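Observations on the three-dimensional arrangement
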Amino acid sequence: MPPQLDADAILADNSIRIVVCCGPGGVGKTTTAAALALRAAELHGRHTVVLTIDPARRLAQSLGLVELDNTPRQVKGVAGGELFAMMLDMKRTFDEVVLAHTDPNRAEEIFANPFYQAMSSTFSGTQEYMAMEKLGQLRATNEWDLIVVDTPPSRSALDFLDAPARLARFLDGRMLRLLLAPARAGGRSVFSLMTAASAMFTKVVHKIVGAQLLTDLSGFVSALDSMFGGFRERAEQTYRILQDRETAFFVVAAPESDALREAAFFSRRLGEERMPLAGLILNKVHRVEAPALSADESLAAAAVLDELGDHTATAGTLRIHAALAQQTVRENRVAAEFRAAHPTVPVATVAALASDVHDLDGLRDIGAALTG
Amino acid sequence: MWPARLHVVTGKGGTGKTTVAAALALALATGGQRTLLVEVEGRQGIAQLFDTMPLPYEELRIASAPGGGEVRALAVDAEEALMEYLDLFYKLGRAGKALRKLGAIDFATTVAPGMRDVLLTGKIKEATTRSFDGRRVYHAVVLDAPPTGRIGRFLNVTAETARLAKLGPIKTQSEGVAAILRSPMTSVHVVTLLEEMPVQETVDAVAELSALGIPIGNIVVNAARPALLAGTKVTRAELRRGLAAAGLPDDRALVAGLHSEAAAYLTRQELEESLRAELAELGRPLVELPLLSAGVDRTGLGTLAGVLLAGGGGPVPDTLA
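Just so it is clear, the model here is predicted, and its values are computed rather than measured. (Residues numbered from 1 in each chain as written. Chains lettered and ligands numbered in written order. Predicted model: local features only at pLDDT ≥ 70, side-chain atom pairs only at ≥ 80, totals over all residues.)

1. A short note on the overall build of chain A
- Helices and strands together make up the secondary structure of chain A, namely 16 helices and 8 strands.
- Across the 372 residues of chain A, 46% fall into the buried class.
- Residue pairs in contact within chain A that sit at least 24 positions apart in sequence constitute 76% of those at least 6 positions apart. (Helix = DSSP H or I, 4+ residues; strand = E, 2+ residues; numbered from the N terminus. Buried ≥ 20, exposed ≤ 12 C-beta atoms within 10 Å, placed from the backbone. Contact = placed C-beta atoms within 7 Å.)

Here it is as structure tokens:
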């Protein structure tokens, strides 16, 4: 039997400064992050900030978040500790990074460039990169005992690990330079085929996208030129923080085969990257309240009542119970498969709730369920 | 119910939009038609669903539909689409392969954020309008589209590229795509679950797409559970009598357990009802697909396709019986 995940021990541990919640979409990652942060503040007296990416509106409201403003705001109604919450503003975070690495005139030039505008709001991976950037910033202030981060709902749950490197690679712009350099074909080097190909490519790109686009691109690249080193350095720094013992990763998943497949993939990947996986939080787990009655017995009894033509409420209840019992069997099976394949990963389970969480009491319930 | 030729299926991650897209492709192929099921995000979700090898950049038959129809599937890859495009217009030949080795193609599809989407949607437009011997090759094309959070940006290719490319073939191409996406030929369907976040994203996506002038089709409520206990009140006394009548022990623990399960179910149902009402306010047809207790396999897809053809919303098959 794999070990039970003790989230309280992690939240209480003063050497843990960062908690990252990751996992597939739709499993309650944001809610879990908020519940962990609230518990750390209330029960363990830690000065905590939770960085959310895209919370449900009512959950955001319960944390007192009304807009993207990139500033941690104190959550009202927290008993016995202090909790701050913020929503990530991707564009503003990117702007701040630019400002931090270049002089104001250069920054204005960059902000005005259409490529920057497109990239800072749409480049795939920008949100992930900026979430990690924000984490780095929060960590650097040394203002918080504990930072809890929710990760963006990505195409792949791993995007936030890869995005910094991808963005740095992009900004490193070897290809950009190749594209923008005047084509110097010919010559007798072994690279002549490649050179010819790239000259042709440049010509084709010029034709397709037009000279105006290349001028903008060129402006963008030269304006960012001074910042390449800075971007890379920051990405590497954040990566090191994530590998440090002060960080704990929680993989959040629901007991469904798709979600657990992604969780398994993620657990492996964290291991490969030498990032500290604290455990799996299995969310939205169903439980029967009347375990003495099996699904089959329940359905058979419902059929008997249908025959009698009476007791529709009981028959309906028996069918609800049967469906729940069947679902529990399925969930237990996929969870057992995960445990067997990952015997060293500690697991905590949280029961499915009848309604969605949108107040601090709801978050407290989840926190309590998580830890015992 | 499904008059369009290009069906764009979006929804929040985890709502089952790939399943719905596949079931719709199957439904529209019923009766001897040919449909194309397309994915664009490199997830190989279609291959997983149909339990086949990863799809290449090629239109391959993936399923047959009742009445002699067939579904073909295609995983569009931005790089491949660019190569195809370049080959078509510029006859790159071997130079193209060298470029790929250099990473130039990868680069070109990343460098201009809109370019990627222009290529992907361009390929979809081509498949939708393709004809052979004066006849349409596909009766319908169903796109397993990016999720609600990215759908507006994905479909609104012109705005993005117009900012970047003011002249040239990219601009012409994106204008052609934009015209199709805003015509009655296209319909965007939003898949949701009866849960708070997916419904919120559905409402947001409908607002965003309406503002962009992109036609919205149906709202598909996936994994809907049968409404048991509708209008009945479950008391402990009734449960005791009912259990006794069915020949089961009416002991306290059992009665209490069943009672609290019924109460949780009714709480959930009440919430689902209010979410359903919120969706109804969008003024689009609601199509409900039943939760398949055995999970979604090939048989399950057939069931869902049948419900989609019937227009959904009818009596939910009793999957518990």
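2. Focus: the sheet that holds strand β8 (residues 347–351) of chain A
Residues and elements named next belong to chain A.
- In spatial order, the strands read β3-β4-β2-β5-β1-β6-β7-β8; together these 8 strands make up an open sheet with mixed pairing. Bordering the open sheet on either side are β3 (73–74) and β8, each of which pairs with just one other strand.
- Relative to β8, strand β7 (residues 277–285) is paired through 4 bridges, and the arrangement is parallel. Bridge pairing links L282 to T349 in β8.
- This element, helix α7 (residues 126–141), spans β1 (18–22), β2 (48–52) and β5 (146–150) of the sheet and lies at about 175° to β5. (Pairing = 2+ DSSP bridges. Axes fitted to C-alpha atoms, helices over the stretch in contact; angles between N-to-C directions.)

3. Points about helix α13 (residues 298–309) of chain B
Residue and element names in this part refer to chain B.
- Compared with the 16 Å implied by 1.5 Å per residue over 12 residues, the 17 Å span of α13 between its first and last C-alpha is a close match.
- For α13, the full list of buried residues reads L301, L304, A305, V307 and L308. The buried residues of α13 occupy one face: seen down the axis, they fall within an arc of 160°.
- Check the buried side of α13 and you find it contacts α1 (17–29) and β10 (286–290). (Expected span 1.5 Å × (residues − 1). Arc of directions from axis to C-beta.)

4. A few points about the environment of T202(B)
Residue and element names in this part refer to chain B.
- Note on placement: T202 falls in helix α10 (residues 196–212).
- We classify T202 as buried; it has 27 C-beta atoms within 10 Å.
- Along the sequence, T202 and V190 sit 12 residues apart, while their C-alpha atoms lie 6.4 Å from each other.
- Setting aside its immediate chain neighbours within four residues, T202 contacts T148, V190, T192, I219 and L279.

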